[in-house]
Amino acid sequence: MKKTIALLIVSLCLNISAAEPVNSSSPNAICPITGKAANPAITTVYEDNTYAFFDEASRAKFEADRTASLYQQLGGKAALEAAVELFYVKVLADDRVKHFFDDVSMIKQKRKQKEFLSAALGGPIPYTGKDLRKAHEDMNLTDVHFNAIAEHLQATLEELKVDKALITQAMSIVGSTRNAVLNRPEATKP
Ligand code: HEM
């Protein structure tokens, strides 16, 4: 599980996107597990999207991944959306960081952040925004800024009464983006 999360974060930071999940109504549906052409008879519905798969094993893996995901344990799409809305209320009230968002469309920013966090926490749809290093590279961000943002995310999850152990896991995933967001070299692996 840890390895999967680490790989996911590396992929997100390097902007390697996961296989696009394709709705089964698409004539050229691609299996989100194998990347091969999907069989329109093998499908599952998750959060109002119908996903089609190459074979039964792929469908089973997709369903098991969803059940195991931190995303689903946190409450899925509705919970993530509520969290991001509340998170930006806190961010925009904080003098340490609010000026960074002066010229930013908050509608777009919230949409991108929802997408990023969903994907990073194991949601079914891949992140399609900029890689985190590129998105933040000209901002001269420091640990003070990063810690402020992380603090607001943690306070948001606490306010929404998310289970403590899940908050710890979510914060460790968000914490793993620090080097990319602060434009530092990634730590070398032993
Ligand atoms: C805690 C880790 C962080 C995560 C996971 C994160 C995530 C993101 C994401 C997904 C985007 C959208 C990228 C795109 O345009 O496609 C973004 C943009 C942005 N982030 Fe962060 N961010 C983090 C930390 C920070 C910090 C510490 C600041 C400043 C205090 C910050 C300020 C911004 C701003 C201003 C943008 C908008 C850039 C633009 O549209 O020009 N972020 N961030």
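One structure accompanies this document, and this report is about it. (Residues numbered from 1 in each chain as written. Predicted model: local features only at pLDDT ≥ 70, side-chain atom pairs only at ≥ 80, totals over all residues. Heavy atoms only, no water.)

1. A few points about the pairing of strand E1 (residues 39–46)
- Pairing of E1 with strand E2 (residues 49–53) involves 5 bridges; the strand directions are antiparallel. Across the sheet, residue Thr 44 finds its bridge partner in E2, namely Tyr 51.
- The hairpin turn running from E1 into E2, its antiparallel successor, is 2 residues long, and Glu 47 in that turn takes a positive phi close to 45°. (Pairing = 2+ DSSP bridges. Helix = DSSP H or I, 4+ residues; strand = E, 2+ residues; numbered from the N terminus.)

2. Quick look at the packing of aromatic side chains
- Applying the stated criterion across every chain, the model contains 6 aromatic pairs.
- Residues Tyr 46 and Phe 62 carry aromatic rings whose centres are separated by 6.5 Å and whose planes lie at 90° to one another, so their mutual orientation is edge-to-face. Of this pair, Tyr 46 sits in strand E1 while Phe 62 is found in helix H2 (residues 56–68), placing the two residues 16 residues apart along the sequence.
- In this structure an aromatic cluster arises from ring pairing among Tyr 46, Tyr 51, Phe 53 and Phe 62.
- The ring of Phe 54 is capped by Lys 36, whose NZ or CZ atom sits 4.5 Å from the centre of that ring.
- Between Arg 66 and the ring centre of Tyr 46, over which it is positioned, the NZ or CZ distance is 5.9 Å. (Phe/Tyr/Trp six-rings, centres within 6.5 Å; stacked < 30°, edge-to-face > 60°. Lys NZ or Arg CZ within 6 Å of the ring centre and 35° of its normal.)

3. Side note on the packing of helix H4 (residues 76–91) against helix H7 (residues 143–159)
- Running from N to C, H4 and H7 cross one another at 130°; their axes reach a closest spacing of 9 Å. Compared by their axis directions, H4 and H7 come out oblique. In this structure, H4 meets H7 at a crossing whose hand is right-handed. Residues Ala 83, Leu 86, Phe 87, Lys 90 and Val 91 of H4 form the contact with H7, whose participating residues are Ile 149, His 152, Leu 153, Ala 155, Thr 156, Leu 157 and Glu 159.
- For the contact of H4 with H7, a count of residues per class yields 8 nonpolar, 2 polar and 2 charged. (Axes fitted to C-alpha atoms, helices over the stretch in contact; angles between N-to-C directions. Parallel < 35°, antiparallel > 145°, perpendicular 65-115°, else oblique. Left-handed = near helix turned anticlockwise from the far one by under 90°. Contact = heavy atoms within 4.5 Å. Nonpolar A, V, L, I, M, F, W, Y, C, P; charged D, E, K, R; others polar.)

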